[in-house]
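# Per-entry structural report
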Amino acid sequence: MRKLWKFLGIFNLLLFLSGCLSIGSGPLSDSISVQSGQTKIKYKLPNGFCLDRSANTSSALQQTLVVTNCIAVNTVDQPYYSRRPVDTIVNITFTQSRVPKKISQKNYLSVIAKNIEFKKTLSASSNRKFINGEKKLHEKFYYVSFQRVGSSKRREYVRKYFFFVDKKVAVMTILSLQKPRRSTYSLFESFIKKIS
């Protein structure tokens, strides 16, 4: 009987771990390919984050890439990336919306900053309560940070970046399920500067 309980305990532990980790590399990659003119350029993601190819979506108007927490696992045969418990999800959406020729990218970012009302967007799209927000315009991007609380009273930290890739609007949303480290934002801001 004791052996049966031991077997069930090990089975349940493996079942739990399989929900947090993927065995082998699966659909995880440490880089993304970004269209630039007629070619695609590969860019390495910040350390600790991987592209989840199985979660990406694409249409004629936009492509959304999903980036999540991962860890590099070194084995004798071949190194691979494995999932780790998720605390941050990053969506990067590349649109087909071009910057008008008569306006600079920085001025276009200013127009986006003036015209987007996040409170209205949030209340229309979900039952989450908007808490507080911060907006900032930089040379290469514009961002807004805010917190929201759902019916479960769990606090979510959201930061949205607007920037340009190949003269087209791109939006990066960083959703953190716990208070994010400042380094997370600075890593992705450096990444934006690389790809824009």
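Refer to the preceding data block for the structure.
The paragraphs below set out a description of the structure included in this document. This is a predicted model, so every value here is computed, not measured. Residue numbers here run from 1 along each chain, matching the order of that chain's written sequence. Where local features are concerned, this predicted model is filtered to residues with pLDDT of at least 70; where side-chain atom pairs are given and counted, the filter is 80 or more; whole-chain, interface and lining totals use all residues. In computing side-chain properties, one takes all heavy atoms of the structure into account and sets aside hydrogens as well as water.

The rule for a salt bridge is simple: a side-chain nitrogen of Lys or Arg has to be within 4 Å of a carboxyl oxygen of Asp or Glu. Going through the model one piece at a time under the given rule, you end up with six salt bridges. The salt bridge partner of Glu 139 is Lys 106, with a shortest N-O separation of 3.5 Å. Of the two residues, Glu 139 is situated in the loop between strand E9 (129-137) and strand E10 (141-149) and Lys 106 in helix H2 (residues 105-115); the sequence distance between them amounts to 33 residues. Using a 1.4 Å probe on the protein chains alone, a residue whose accessible area is under 20% of its type maximum counts as buried, one over 50% counts as exposed, and one in between counts as partly exposed. With a relative accessible area of 57%, Glu 139 lands in the exposed category. In this structure, Glu 134 engages Arg 159 in a salt bridge whose closest nitrogen and oxygen atoms are separated by 3.9 Å. Here Glu 134, found in strand E9, pairs with Arg 159, found in strand E11 (residues 155-165); they are 25 residues apart in sequence, far enough to count as distant. Of the residues examined, Glu 134 reaches a relative accessible area of 36% and is grouped as partly exposed. Only runs of H or I of at least four residues qualify as helices and only runs of E of at least two qualify as strands under DSSP, and these elements are numbered from the N terminus.

Here we come to the packing of aromatic side chains. We call Phe, Tyr and Trp rings a pair once their centres come within 6.5 Å, taking the six-membered ring for Trp, and we label the pair stacked below 30 degrees between planes, edge-to-face above 60, and tilted otherwise. In the structure shown here, the tally under the stated rule is six aromatic pairs. Between Phe 49 and Phe 188 the ring centres are 5.0 Å apart and the planes differ by 75°, which places this aromatic pair in the edge-to-face class. You can see Phe 49 sitting in strand E4 (residues 49-52) and its partner Phe 188 sitting in helix H4 (residues 182-195), a full 139 residues away along the chain. Phe 49 sits in the buried class, given a relative accessible area of 7%.

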